[in-house]
Amino acid sequence: MFSFELIAQSIESRARAGVIRTSHGVVETPVFMPVGTRGSVKSVSPEELLAAGARIILGNTYHLYLRPGCDVISRFAGLHQFMHWDGPILTDSGGFQVFSLAKLAKISEEGVTFQSHLDGSSHLLTPGKVIDIQNCLGADIIMCLDDCIQYPATREESLAALEITTKWAQRCKQAWQETKNGRNALFGIVQGGMFRDLRERSAEELMKIDFPGYAVGGLSVGEPAEVMLEMADDTLPNLPETKPRYIMGVGTPENLIELVALGTDMFDCVLPTRNARNGQVFTQQGTLNICNAKYRHDTGPLEPDCACYTCQNYSRAYLRHLYMAKELLAYRLNTLHNVYFFLNLMRQVREAIVQDEFDRFRKQFYKRKSTKRRSSHEKKS
Ligand SMILES: [Zn+2]
């Protein structure tokens with residue numbers, strides 16, 4: 001069971017609000033999906049995620065396939081039961097990790113062979129196999145195998161990756177139809193490097209195959225933010241209005257706002273969780289580093305009007321102390337705030353779209369940030 005319904009559309013931009021229905025629950029879009037790479041969103045529990053407002057999370061096929069393996073997860077009727085998360089789950093196909101983490105990744109029409117980054121063992125991922133693995137994980141939304149190229153890439157490399165991505169997408173669709181069609185949704189992934197016409201061609205080819213949803217891959221791989229937005233600006237209108245559109249692996253709060261304005265419905269990114277573990281905290285006025293000596297005696301919360309568990313109960317001075325002392329609680333509390341920040345931002349964005357006030361919201365979002373820059377400049381002078 002899977003469906004997508006558009007609820008509201010902004011007049012001034014392409015921003016839109018919708019509802020995704022899956023057999024594990026309803027997801028309101030635009031949505032941010034916290035990343036649970038190895039069957040856990042690092043340092044926080046499913047109950048804490050739910051309390052922070054998470055409605056769908058992401059699992060990584062590459063990591064879960066290598067460890068603990070499908071033989072373990074299949075004993076639990078899938079990832080939901082294994083990790084004790086009852087809401088919707090999206091799994092990626094593993095393609096991105098094969099190219100970024102594994103050793104000796106080799107592409108052929110059949111699939112991609114690689115050596116595990118854990119023990120050097122040899123593996124072959126084919127389109128059929130990634131569908132089998134994701135079916136075993138029991139995800140609600142699953143992704144096609146795609147060829148992720150590095151940045152920068154030549155036109156020839158981008159074209160070759162696009163062509164193989166289309167061929168794999170056809171085989172993924174076929175394997176999906178033969179197995180679990182209807183119980184989960186399979187998304188196609190647009191590639192094409194940083195070339196507008198190739199992105200357009202990729203989108204067209206995928207739409208001919210026809211998927212329940214579409215993702216844009218190969219962005220936020222080192223290109224300047226303007227190029228990323230330009231590619232999204234060109235690609236998104238080429239995808240069907242009636243299907244969810246997902247930009248993979250992006251990004252900062254600013255990126256999210258701009259990509260929503262261009263018509264994106266779904267996001268995932270490790271930024272809030274990874275940066276939390278490095279002591280970087282997101283606030284409406286920009287990021288702050290909790291290690292900074294100026295927070296040593298700061299009795300206030302990370303963000304005064306934040307409703308997250310961390311801000312409701314702890315001071316900047318305490319969080320700085322935990323972080324400096326490398327106490328494990330530091331990672332959990334920083335993560336809870338950052339995850340809440342991203343989820344709450346998307347909630348506010350959605351509310352603004354529904355009220356047809358997205359443009360005003362977007363201007364206010366940037367105004368708050370510039371206020372901080374001005375005030376810190378004044379302090380210096
Ligand atoms: Zn907070």
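Residues numbered from 1 in each chain as written. Predicted model: local features only at pLDDT ≥ 70, side-chain atom pairs only at ≥ 80, totals over all residues. Heavy atoms only, no water.

(A) Representation of the coordination of the zinc ion within the structure. Summarising the metal site, the zinc ion is bound by the protein donors Cys306 (SG), Cys308 (SG), Cys311 (SG) and His337 (ND1), whose distances to it range over 2.1 to 2.3 Å. One can describe the site at the zinc ion as tetrahedral: its 4 donor atoms subtend angles covering 102 to 114 degrees at the metal. Along the chain, the residues donating to the zinc ion fall in the pattern C-x1-C-x2-C-x25-H. Overall, the relative accessible area of 3% leaves cysteine 308 in the buried class. (Donors = N, O, S within 2.8 Å, 3.2 Å for Na, K, Ca; no water. Tetrahedral: all angles 85-135°; square planar, octahedral: opposite > 155°, others 65-115°. Buried < 20%, exposed > 50% of the residue type's maximum accessible area, 1.4 Å probe, protein only.)

(B) Geometry of the sheet that holds strand 12 (residues 185–190). An order of 4-15-14-13-12-11-7-6-5 is seen for the 9 strands of this open sheet, with the pairing classed as parallel. Every interior strand has two partners, whereas the edge strands, strand 4 (31–33) and strand 5 (35–36), have only one. Pairing geometry for strand 4 and strand 15 (residues 266–268), over 3 bridges, is parallel. Residue pairing across strands places valine 31 opposite methionine 266, the latter belonging to strand 15. (Pairing = 2+ DSSP bridges. Helix = DSSP H or I, 4+ residues; strand = E, 2+ residues; numbered from the N terminus.)

(C) Main features of helix 14 (residues 328–354). Taking 1.5 Å of rise per residue, the 27 residues of helix 14 would be expected to cover 39 Å, and the 40 Å separating its terminal C-alpha atoms lies within 8% of that figure. When you tally the buried positions in helix 14, you get 19 out of 27 residues, the bulk of the element. Two residues or fewer past helix 14, aspartate 356 is found with a positive phi of approximately 55 degrees. (Expected span 1.5 Å × (residues − 1).)

(D) Looking closely at the side chain of glutamate 48. With respect to the helices and strands, glutamate 48 occurs in helix 1 (residues 46–52). You can call glutamate 48 buried: its relative accessible area is 17%. There is a polar contact of 2.9 Å between the side chain of glutamate 48 and the backbone nitrogen of serine 45. (Polar contact = N/O pair within 3.5 Å; in protein donor to acceptor, adjacent residues only side chain to side chain.)

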